[in-house]
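Single-letter residue listing:
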Amino acid sequence: MNYEDARTRVRAGEDARTVAAELVSKLTIDEKLECLDGDEDFWPGLMRLAGAATTRVAGEGYGAKPYLGAQVPRLGFPGIAFSDGPRGVVVGPNTCFPVSMARGATFDQDLEERIGDAIGLELRARGANLFGGVNVNVLRHPAWGRAQETYGEDPHHVGEMGAALCRGVQRHAMACVKHYALNSIDNARFKVDVTADDRALHEAYLPHFKRVIDEGVACVMSAYNSVNGEWCGENRQLLTEILREEWGFEGYVISDWIFGLRDGPKSVRNGLDIEMPFRAIRYKSLQTALDTGELTEADIEAPVTRIISTLLRFDDVLAQPAPDTSVCASPAHRELAYEASVKSIVLLKNGGSLLPIDPASIKRLAVLGRLASVPNLGDRGSSNVVPPSAVTPLDGLRAALPNADVTHDDGANIEIAKQTARAADVAIVFVGCTYEDEGEFISAQPELLAHTAPPRPADLQMPPRPPRDPNAPASPPPFATGGDRASLDLSEADQALVLAAAEANPRTIVVLMGGSAIMVEGWHERVPAILMAWYPGMEGGRAIADVILGRANPGGRLPFVVPTDAAHLPFFDREATAITYDLFHGQWLLDRDGHTPRYPFGFGLSYSPATVRNASVQLQSETIVVTATAVNEGNRATSEVVQVYAGARDSNVERPEWRLAAFQRVELAPRESRHVRLEILLDRLAVRIDGRWAVEPGAYHIAVGRHAHDPQATIVRIDVP
Ligand code: BGC
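Rules and cut-offs
- Numbering of residues begins from 1 in every chain and follows the order in which that chain's sequence is written.
- The model is predicted, so local features are restricted to residues of pLDDT at least 70 and side-chain atom pairs to those at 80 or more, both for listing and for counting; the totals for chains, interfaces and linings are taken over all residues.
- Values shown for side chains rest on all heavy atoms present in the structure; no hydrogens or waters enter the calculation.
- A run of DSSP states H or I qualifies as a helix once it reaches four residues; a run of E qualifies as a strand once it reaches two. Both are numbered from the N-terminal end.
- To get the radius of gyration, use the C-alpha atoms; to get the globule rule, take the number of residues to the power 0.38 and multiply by 2.2 Å.
- Under the scheme applied here, a residue whose accessible area is under 20% of the maximum for its type counts as buried, over 50% as exposed, and between as partly exposed, the area being computed with a 1.4 Å probe on protein chains only.
- Residue contacts are defined here by distance: any two heavy atoms, one from each residue, within 4.5 Å place the two residues in contact.
- A 1.4 Å probe and the Shrake-Rupley method give the accessible areas. Residues count as covered only by the protein chains that appear here.
- Asp and Glu are treated as the negative residues and Lys and Arg as the positive ones, with His and the ends of the chain left uncounted.
- Lysine's charge is taken at NZ, arginine's at CZ, aspartate's at CG and glutamate's at CD.
- Throughout, the term near means that a residue has one or more heavy atoms lying within 4 Å of the molecule or strand in question.
- Polar contacts, as used here, are pairs of N or O atoms within 3.5 Å; protein pairs need one atom able to donate a hydrogen and one able to accept it. Residues neighboring in sequence count only if both atoms are side-chain atoms.
- Side-chain classes follow a simple rule in which Ala, Val, Leu, Ile, Met, Phe, Trp, Tyr, Cys and Pro form the nonpolar group, Asp, Glu, Lys and Arg form the charged group, and the remainder, Gly included, forms the polar group.
- The term salt bridge refers to a pairing of a side-chain nitrogen on Lys or Arg with a carboxyl oxygen on Asp or Glu at a separation within 4 Å.
- Under the convention used throughout, the expected extent of a helix is 1.5 Å for every residue step, that is, one less than its residue count.
- Each nonpolar core is a collection of buried residues, namely Ala, Val, Leu, Ile, Met, Phe, Trp, Tyr and Cys, held together in the definition by side-chain atoms within 4.5 Å.
- Two strands are said to pair when DSSP picks up at least two bridges between them.
- Axis geometry follows a simple rule: fit a line to the C-alpha atoms, using only the stretch in contact for helices, then measure angles between N-to-C directions, giving values from 0 to 180 degrees.
- Two kinds of site are reported from a 1 Å grid over the protein atoms alone, namely cavities, where a 1.4 Å probe fits but cannot get out, and pockets, open sets with protein on both sides within 12 Å along at least five of seven lines, and residues are called lining when an atom falls within 4 Å of a point.
- Grid points are joined across faces, edges and corners, and a volume is the space filled by probe spheres set on the points.

Draft legend 1. Representation of the overall build of the protein chain within the structure. In terms of helices and strands, the protein chain carries 21 helices and 27 strands. Relative to its length of 721 residues, the protein chain is compact, with a C-alpha radius of gyration of 26 Å against a globular reference of 27 Å. Considering only C-alpha atoms, the protein chain reaches an extent of 75 × 75 × 45 Å along its principal axes. Counting all 721 residues of the protein chain, 63% fall into the buried class. Contacts in the protein chain between residues far apart in sequence, at least 24 positions, make up 79% of those at least 6 positions apart. With the model as given, the accessible surface of the protein chain reaches about 25400 Å², and the carbon-plus-sulfur share is 50%. Counting 71 positive and 95 negative side-chain charges, the protein chain places the averaged centre of each group 4 Å from the other.

What follows is the structure, given as structure tokens:
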């Protein structure tokens, strides 16, 4: 029996797990062990990555080719071929979408599913079969360097968006959800132990993983950090008790890269299937563990069976012929990136209805700030997608205003910037973060490396550095930059530029770029208009120009709270070795402590006044049925996100005052009204009591509105028997 025979039998209706187990029994011990780690030897692999880290060319470097694992050539088992994400497919060049946080701001599951579909096609065209870009770690604190890779702070919202991406991708390939779990400090990720009790785990940090698993995701990637005293790659509570026994996950678990586990045999026993990406800890330790009886053959057969049975279950998807590379960054996918960028841009302030700007009113436009003229697409870590080209904000504005004098000044000299702003009809200031301020961070880990690596072959040399183009701008190697932010404020230079522009020109628009919350205290009251444009993807410049000039409506809503004081957020230490995560962060924490935010969760303005009317809430057996009408009161096309929050009034336990329970984005033509119907299973009101889910009887308030604490929300009481 070989893999082809196994496929035939599963196609004929046999159970994938039974067939996989039979195939596994035909493997030699060596072949079984080969399935339990990546297919590349450690040192050549590491050298390849280290050498590659010095290049930043599409098609080379970290994302040069898929990472392979678990192949068994003798029996024709293809194994996994992994490419990163989430802002597209890293093995490229490919479409670079807005980062996940921007896509979170769209609150648009349908769009996210279409992005997933495009990603799945590009992934297959690049020879991969597993997409490692469904990142659903909730944003506990906006300083997290990798905030941009997830969708926001709210577990329900993050879960729905992650599930949508997974649905789209899995039409063409397998998806991998990561980093399981409680991974939300980057600088400390290799050393931090996160303590979380049952309620914090199940109510705040795991529901979104469960949601993506219920969607049928093929693969889970364990996190680097440890949880409740055990590294995630060998954590019995997470990998076996919760993931498999409680949730019934039937796919396979891969480790995070290189340093994702410390103890090979323990990782096997506790539920990790593949150590990625090289032959490392397990290569050094599993054979001995079998010899000494620390592991049995059945122990190593269980993970191999899970891997093979998952691929068999995905056979109809994976058997579809891969498209050719013309799908990668195709016009249709670029258009999708544009749509996502438009729908993600959040209008935070629009004093005197300065926005949108009538293009006919602009003879001279001042574009200020260094971020205006660079493709600011996100961090340079594992999620770095290199597109064939990218439209900067300056490119977008120049193309949209062919008859205006569009002057760019990088703001290095404040006096010149002021003069430029003063001489213009409108000034647009681009400020915020780049990959140098935030992103994935890998510091040297000599001890971990020594622990992980097999002996280094004597003849192994570092590859020569490729010759550097003397004219290329200096660019630090990937990873050795970014990390968690030390401050949520704009840099002093950016604040000075904003204030100078606003002083010189009352028609000043601030465009913020970055992956999560940026504080606006100290300057927001001095500028009439503020937009959050994120890392907007390869078509971002076009989208930003169209939004500013009123050719498109800014459709985003904040997927996190922006406080007036960073002290209102949870304790965050980017060098922590131990930290406790409790139930409260983000909007929930501000609510608990009675702090009014600068901008609440779910907030965003529009160019056209919209309202949510006629809300009704009814409890029908096990389901809360919410209906409402979203109304565009104005003469421009717009969108609205109907948001439903639930709060328990008679609870016996401390819980968030309001929790997002459902949301629905609707597009509205001028003056259009659209009926919305949302169904919320009562289970969504459940809390963990004594380690079990329980829906407490009593009164609940259901708020139907446009953001958290919307003063115009309709609040209805329901009584749960
Ligand atoms: C990151 C993962 C990524 C992996 C492979 C790790 O450093 O934490 O998110 O998927 O590398 O590139």
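Draft legend 2. Structural detail: the site of the ligand. Around the ligand, the structure places 13 residues, and the nearest of them are Y62, D84, R146, H179 and E440. Here an oxygen atom of the ligand sits 2.9 Å away from a polar atom, N or O, in the side chain of K178. Here an oxygen atom of the ligand and a side-chain polar atom of R189 are 3.2 Å apart. Relative to its unbound accessible area of 310 Å², the ligand is 99% covered by the protein chains. Only β3 (80-84) and β5 (174-180) provide two or more residues apiece to the shell around the ligand. Considered class by class, the residues forming the shell around the ligand number five nonpolar, two polar and six charged.

Draft legend 3. A look at the environment of E203. Structurally, E203 can be placed in helix α8 (residues 198-205). Each residue touching E203, except ones within four places of it in the same chain, is listed here: P155, L583, W588, R659, V687, R688 and W693. A distance of 2.7 Å separates a polar atom in the side chain of E203 from a polar atom in the side chain of R199.

Draft legend 4. The arrangement of the pattern of salt bridges in detail. A full pass over the atoms with the stated rule returns 54 salt bridges. Among the ionic pairs, K343 bridges to E339, the shortest N-O distance being 2.8 Å. Placement of the pair is K343 and E339 together in helix α15 (residues 331-344), with a separation of four residues, close to one helical turn. Across the pair E539 and R542 runs a salt bridge whose closest N-O atoms are separated by 2.9 Å. By relative accessible area, which is 5% here, E539 ends up buried. According to the relative accessible area criterion, R542 is partly exposed, its value standing at 28%. The structure contains a network of salt bridges with shared partners spanning D108, D110, R114, E339, K343, R665 and E667.

Draft legend 5. Broad picture of helix α13 (residues 297-313). For α13, spanning 17 residues, the distance from its first C-alpha to its last is 24 Å, which sits close to the expected 24 Å at 1.5 Å a residue. Taken together, the buried positions of α13 are I300, P303, V304, T305, R306, I307, I308, S309, T310, L311 and L312.

Draft legend 6. The nonpolar core, seen in detail. Y180, L182 and L206 are the most contacted members of the largest nonpolar core, which totals 85 residues. Leave out the neighbours within four places in its chain, and L182 touches N137, V194, A196, L201, Y205, L206, N225, V227 and Y581. Counting residues in hydrophobic clusters, the runner-up holds 59 residues, among them F42, V72, F278 and L311.

Draft legend 7. View of the sheet that holds strand β14 (residues 405-409). The six strands lie next to each other as β12-β17-β16-β15-β13-β14, forming an open sheet whose pairing is mixed. The sheet is open, and its two borders are formed by β12 (346-350) and β14, each paired with just one other strand. This sheet shows a mean twist of 15° between the axes of neighbouring strands, independent of strand direction. Two elements, β12 and strand β17 (residues 529-532), share four bridges in a ladder whose sense is antiparallel. Among the inter-strand pairings, K349 is bridged to a residue of β17, identified as I530. Set on the sheet, helix α17 (residues 414-422) makes contact with β13 (364-368), β14 and β15 (426-432); between it and β13 the angle comes to about 150°.

Draft legend 8. Main features of empty space enclosed by the protein. For the structure on display, the rule yields six cavities of 30 Å³ or more. Here the second largest cavity defines a volume of roughly 70 Å³. Around the second largest cavity sit E153, D154, H585, Q587, W588, F601, Y645, W658, R659, L660 and A708, which together line it. Counting residues per element, the ones that place at least two in the lining of the second largest cavity are α21 (586-593) and β22 (659-668).

Draft legend 9. Molecular detail of unusual backbone geometry. Geometrically, the link from K178 to H179 is a cis peptide bond, its omega value of -15° lying close to zero. As for its placement among the helices and strands, H179 is situated in strand β5. In this structure, the amide linkage connecting L355 to the following residue, P356, adopts the cis form with an omega of -5°. Inspection of the secondary structure puts P356 in the loop between β12 and β13. You will see that L182, though not glycine, has its phi angle at about 55°, which is positive. Structurally, the position occupied by L182 is in the loop between β5 and β6 (193-195). The residue I258 is not glycine, and still its phi comes out positive at about 70°.

Draft legend 10. Just helix α20 (residues 540-548), in detail. Burial of α20 is extensive: eight of the nine residues sit out of reach of the surface. Where α20 is buried, its residues meet α15, α16 (393-400), β15, β16 (508-513) and β17. Where α20 ends, the next residue or the one after it, G550, has phi of about 80°, a positive value.

Draft legend 11. A look at the sheet that holds β6. Taken in spatial order, the four strands line up as β9-β8-β6-β18 in an open sheet, and their pairing is mixed. Looking at strand neighbours, the two that pair on one side only are β9 (230-231) and β18 (578-580), the edges of this open sheet.

Draft legend 12. The environment of L23, seen in detail. Relative to the helices and strands, L23 resides in helix α2 (residues 16-24). Given the relative accessible area of 1%, L23 is considered buried. Considering only alpha carbons, one finds L23 and R592, 569 residues apart in sequence, at a separation of 55 Å. Excluding residues within four positions of it along the chain, L23 makes contact with M1, N2, Y3, A6, L75 and I308.

Draft legend 13. Expanded view of the environment of S382. Counting through the fold element by element, S382 comes out in the loop between β13 and α16. Residues S382 and L682 lie 300 residues apart in sequence; the distance between their C-alpha atoms is 39 Å. A polar side-chain atom of S382 sits 3.4 Å from a polar atom in the side chain of R146.

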